[in-house]
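Fold and geometry: a report
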Amino acid sequence: MSMLSALVIYGILPIIAFLAYSLLDDFTFGLLQGIRDDQYSNYIPSSRPKSPVPNHVQEVQSNDAGQKKKKSRHQYEAHEIKHTEERKGSINYKNNNYSDIDGYISQLREEFRNDPADIYKCLRLAEALLDRVITVHDGGKLQNEAIHTFLEAIDLIKAKKDSMIQNGQNILETSNGEFLKIDQEMELDHEDRSIHGLLVLTYINLGRQYYMANMFEKAVEAYRTSLQLEPKFKDALHFRASSFIILGKYDEAGSDYLTLLSMEGDNIQPEVALGMSKVLSAKESVIPNGWNILEKSLSHAIPIYTNRLSQFSQLDKSTQVGVLKDLKQLHLAMFAYHDKKSGNTELAWYNLSKACQYKMAGLPAYNFSLERQKLDTVRQIFRRGFWPSGVGSNLSSPIFIVGFPRSGSTLLERILDAHPDIVGTGEDSIFNGMLGEIRDGIVQASLSGSVENVRSVVDRFAGKVVKDTKDRWLELERNSHREEGLSQPKRFVDKMLSNYLNVGFIHMLFPKALILHISREPMDALFSCFKHDFPPGNLDYTSDFESLAQIYRNYRDIMDHWDEQLPGRVVHIRYEDIVRDMTGISKSLISLAGLDWDDSILSFHTTKYVTNTHSATQVKRPIYSDSIQSWRRYESHLEPLKMMLGESYTRHKFLTNIPGYSAHQVGA
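This is a predicted model, so every value here is computed, not measured.

When its secondary structure is counted, the protein shows 29 helices and five strands. The buried share of the protein, taken over its 668 residues, is 59%. Considering only contacts in the protein between residues 6 or more positions apart, those separated by 24 or more positions represent 79%. Carbon and sulfur atoms make up 49% of the accessible area of the protein, which amounts to about 26500 Å² in all.

Here is the structure:
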């Protein structure tokens, strides 16, 4: 009798296993936050309920007078609109209880259903749905509804606009008779905005929703429409440029950033500087003399923004967070200039260090003991004998990619996605979105004392994961105007990297699915994480040597655990082996997936696949080797991190073990 069977029979599985396993939820969803980009900007007016003050804002507040101050024009534009990554959603849901979110949305649905001609009820519903997409990571369950609700709102606003024009009313006038700039209208409630401003800002929110759904072409269309209405709207230009970067359209992104530079002069906005540095790093030629222009602007801006620290304690909390983020972005852009252009590694490291210091200053202390406790819980639960024979789906369509961030997972997914029978679905994982529901279902089944009930529940949820993944893919294809001639893929790639914690669960539901672990030379992976600007989430702590070292040690320890408890279940693939022998690795993987070889894989970088990923610019190039041993340029500065890890963790121990692949291993 297996351990799981015994636990089910004696009715103690819920207590020992799955309730303890719930500790992992925050960590899993925290890592998922890493896929979110800078289009969290808030275009939702102040009439809506506000989110609680984030904990990490409280950490930087050294002197709070407790008074609500009226924001200055600069404070609002730079720190309210452009920094709402700091919020978890603009609705005040108690303890991030997802049932509260869905309850609120149900209430708004009912209100709009009873009054379908009300613009403002429609907008409140659309924006609540968008907040849910940002807050709840369930593979985009309500994304389609959010898109259609925004489109309904736009139709209603257009109808009112046409009626006002016919009646000789001014569409630019706010409710109190003022004529404001579009960024000023963002401070107003829905009902107080001009009908023109309402339409512009709704197109922006539609673009954000498309962006969150990985529908980047449609996001560009929405931003383009807003710019047709407001040609000098800076935020629309920046958002469109960041969408162009994801699409690999660097010329178009460069054009938008040049327009922004011409509007701002020497007063470059930090997010524009950072975006421009990404474009120049990917394709320097798109902005003539771009690096020198950027360096000049940064040299002017950094002292100005640094001077704001002298009044830091007198600033309100949201502005403090904004100041720190502004400085982080400016120094990251200057790091890119010295790293990519000037070659001055000392100045590059100075700016990178400053950026990381500003980032960490806005965060609570890393909880070392809690993170280790989560790891230990997994290792205590999922041990040999836990998985009973006969429990688990026969479905083999999912392919799970796990690993440490910045280790080549996007490259691996792109290679697989280039096969006509495989589809990459990115990091917004259906499986992870259902993890709590799956766990609860198995707990309930176990209470009956029947292994057969557990088997039935596992099969049902495995089937639902696969069905919902297929439905999600089909929805994306339809929204991308690629419905004609679609053939159903045979394999779907789930690239939620933090699933290295969930291998035991994956094996329970999908014992026949591939689990691919991508690994990279440790110091290369760690340096890449340290210098990368992850959006808010657990990956923030990769900007500090001590917490980064523990996160990496935890990852290595849990991968060792799976090899010990489920020997041979996880297929290891070295990033360096892909670089030196992409064809051999790819052919072995396609064979392992039970598919025929297709030569289109050899030109994977030319496919139309796009996803919002930290490696969006790199994976649009052919295979390259310049990132191997890239940490050596900064070896002296990284020595403290190397010492914290110790020799056993800085050695690249995982060897490519794809069945049938026999080439010698790189660096073994």
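Bringing the nonpolar core into the picture now. Core analysis: the largest hydrophobic core is formed by 88 residues, its most contacted members being Ile119, Leu206, Phe233, Tyr257, Leu294 and Leu298. Setting aside its immediate chain neighbours within four residues, isoleucine 119 contacts Leu156, Ile157, Lys160, Ile195 and Leu198. Ala445, Ile506, Tyr555 and Leu641 belong to the second-largest nonpolar core, a separate cluster that totals 72 residues.

To continue, consider unusual backbone geometry. One non-glycine residue, arginine 406, adopts positive backbone phi at about 65 degrees. Secondary-structure assignment places arginine 406 in the loop between strand 1 (398–403) and helix 19 (409–417). Although it is not a glycine, glutamine 629 sits at a positive phi angle of roughly 60 degrees. The topology assignment puts glutamine 629 in the loop between helix 27 (582–592) and helix 28 (635–645).

With that settled, the discussion passes to the pairing of strand 5 (residues 571–574). Here strand 5 shows two buried faces, one formed by Val571 and Ile573 and the other by His572 and Arg574. Here strand 4 (residues 514–519) runs beside strand 5; their pairing, made up of four bridges, is parallel. Bridge assignment links leucine 516 to a residue of strand 5, and that residue is valine 571.

Right, let's talk about the environment of isoleucine 442 for a bit. Examined against the element boundaries, isoleucine 442 turns out to sit in helix 21 (residues 435–446). Between the alpha carbons of isoleucine 442 and phenylalanine 461 there is a distance of 9.5 Å; along the sequence they are 19 residues apart.

Once that is clear, we can look at the sheet that holds strand 1. Strands sit in the order 2-3-1-4-5 across an open sheet of five strands; the sheet is parallel. Both outer strands of the open sheet, strand 2 (422–424) and strand 5, are each paired with one neighbouring strand and no more. Ignoring strand direction, the axes of neighbouring strands in this sheet form an average angle of 25 degrees. Helix 25 (residues 545–565) contacts strand 1, strand 4 and strand 5 of the sheet and is inclined by roughly 140 degrees relative to strand 4.

All right, on to the packing of aromatic side chains then. Aromatic ring pairs are reported here in terms of the distance separating the ring centres and the angle at which the planes meet. Summed over the entire model, instances satisfying the criterion amount to 24 aromatic pairs. With centroids separated by 6.5 Å and ring planes inclined at 45 degrees, the aromatic side chains of tryptophan 349 and phenylalanine 545 adopt a geometry described as tilted. Separated by 196 residues along the polypeptide, tryptophan 349 in helix 17 (residues 345–361) and phenylalanine 545 in helix 25 bring together distant segments of the chain. Judged by its relative accessible area of 14%, phenylalanine 545 is buried. Look at phenylalanine 382 and phenylalanine 505: their rings are 6.2 Å apart centre to centre, the planes differ by 50 degrees, and that puts the pair in the tilted class. In this pair, phenylalanine 382 sits in the loop between helix 18 (368–381) and strand 1 while phenylalanine 505 sits in helix 23 (residues 503–509), placing the two residues 123 residues apart along the sequence. Grouping residues by exposure puts phenylalanine 382 and phenylalanine 505 together as buried. One aromatic cluster in this structure is built from Phe335, Trp349, Phe527, Phe530, Phe545 and Tyr634. Above the face of the tyrosine 305 ring, arginine 308 is positioned so that its terminal group lies 4.1 Å from the ring centre. Across from the ring centre of phenylalanine 654, 5.8 Å away, lies the NZ or CZ of lysine 653, which sits over that ring.

Moving on to the pattern of salt bridges. Under the definition given, this model contains 22 salt bridges. A salt bridge links lysine 374 to glutamate 371; the nearest nitrogen and oxygen atoms lie 3.5 Å apart. Placement of both lysine 374 and glutamate 371 in helix 18 is noted, with a separation of three residues, approximately one turn of the helix. According to the relative accessible area criterion, glutamate 371 is buried, its value standing at 10%. With a closest N to O distance of 3.1 Å, lysine 464 and aspartate 468 form a salt bridge. Here lysine 464 and its partner aspartate 468 are both found in helix 22 (residues 451–479), four residues apart, which amounts to about one turn of the helix.

What follows concerns the packing of helix 25 against helix 28. In the contact formed by helix 25 and helix 28, the axes pass within 9 Å of each other and the chain directions differ by 45 degrees. Between helix 25 and helix 28, the angle falls in the class oblique. Relative to helix 28, the crossing made by helix 25 is right-handed. Where helix 25 abuts helix 28, its residues Phe545, Glu546, Leu548, Ala549, Tyr552 and Arg553 lie against His637, Leu638, Pro640, Leu641, Met644 and Leu645. Along the lines of polarity and charge, the residues of the contact of helix 25 with helix 28 split into nine nonpolar, one polar and two charged.

On to the pairing of strand 4, then. The element strand 4 is extensively covered by neighbouring structure, given that six of its six residues are classed as buried. Residues Leu514, Leu516 and Ile518 line one face of strand 4 and the alternating positions Ile515, His517 and Ser519 line the opposite face, and both faces are buried. Of the pairings in the sheet, the one linking strand 1 to strand 4 comprises five bridges and is parallel in character. When the sheet's bridge partners are listed, valine 402 is paired in strand 4 with histidine 517.

Take the packing of helix 8 (residues 143–166) against helix 10 (residues 195–212) next. As a packed pair, helix 8 and helix 10 sit with axes 10 Å apart at the nearest point and diverge in direction by 165 degrees. Considering the angle they form, helix 8 stands roughly antiparallel to helix 10. The way helix 8 lies across helix 10 gives a crossing that is left-handed. From helix 8, Gln143, Ala146, Ile147, Phe150, Leu151, Ala153, Ile154, Ile157, Lys158, Lys160, Lys161 and Met164 reach across to helix 10, where they touch Ile195, Leu198, Leu199, Thr202, Tyr203, Asn205, Leu206, Gln209, Tyr210 and Met212. Counted by class, the contact of helix 8 with helix 10 contains 15 nonpolar, four polar and three charged residues.

Before going further, it helps to spend a moment on the confidence of the model for the protein. Per-residue confidence for the protein gives a mean pLDDT of 83, with 80% of residues at or over 70. Contacts for the low-pLDDT stretch residues 612–619, under 50 throughout, to residues beyond four places or in other chains number 33 contacts.

Moving on, we get to the side chain of histidine 190. Note that histidine 190 resides in the loop between helix 9 (182–185) and helix 10. A distance of 3.1 Å separates a polar atom in the side chain of histidine 190 from a polar atom in the side chain of glutamate 127.

This part is about the side chain of threonine 202. In this structure, threonine 202 sits in helix 10. What makes threonine 202 buried here is its relative accessible area of 3%. Ignoring sequence-local partners within four residues, the contact set of threonine 202 consists of Leu123, Phe150, Ala153, Ile154 and Ile157.

Right, let's get into helix 24 (residues 522–531). Counting buried residues along helix 24, nine of its ten residues qualify, which places the element largely inside the surrounding structure. For helix 24, the full list of buried residues reads Pro522, Met523, Asp524, Ala525, Leu526, Phe527, Ser528, Cys529 and Phe530. Where helix 24 is buried, its residues contact helix 17, helix 25, helix 28 and helix 29 (647–650). The N-cap residue of helix 24 is glutamate 521: its side-chain oxygen and the backbone nitrogen of methionine 523 are 3.0 Å apart.

How each quantity is defined
Residues numbered from 1 in each chain as written. Predicted model: local features only at pLDDT ≥ 70, side-chain atom pairs only at ≥ 80, totals over all residues. Heavy atoms only, no water. Helix = DSSP H or I, 4+ residues; strand = E, 2+ residues; numbered from the N terminus. Buried < 20%, exposed > 50% of the residue type's maximum accessible area, 1.4 Å probe, protein only. Contact = heavy atoms within 4.5 Å. Areas by Shrake-Rupley, 256 points an atom, 1.4 Å probe, with all protein chains shown as cover. Core = buried A, V, L, I, M, F, W, Y, C linked by side-chain atoms within 4.5 Å. Pairing = 2+ DSSP bridges. Axes fitted to C-alpha atoms, helices over the stretch in contact; angles between N-to-C directions. Phe/Tyr/Trp six-rings, centres within 6.5 Å; stacked < 30°, edge-to-face > 60°. Lys NZ or Arg CZ within 6 Å of the ring centre and 35° of its normal. Salt bridge = Lys/Arg side-chain N within 4 Å of Asp/Glu carboxyl O. Parallel < 35°, antiparallel > 145°, perpendicular 65-115°, else oblique. Left-handed = near helix turned anticlockwise from the far one by under 90°. Nonpolar A, V, L, I, M, F, W, Y, C, P; charged D, E, K, R; others polar. pLDDT = per-residue confidence, 0-100. Polar contact = N/O pair within 3.5 Å; in protein donor to acceptor, adjacent residues only side chain to side chain.

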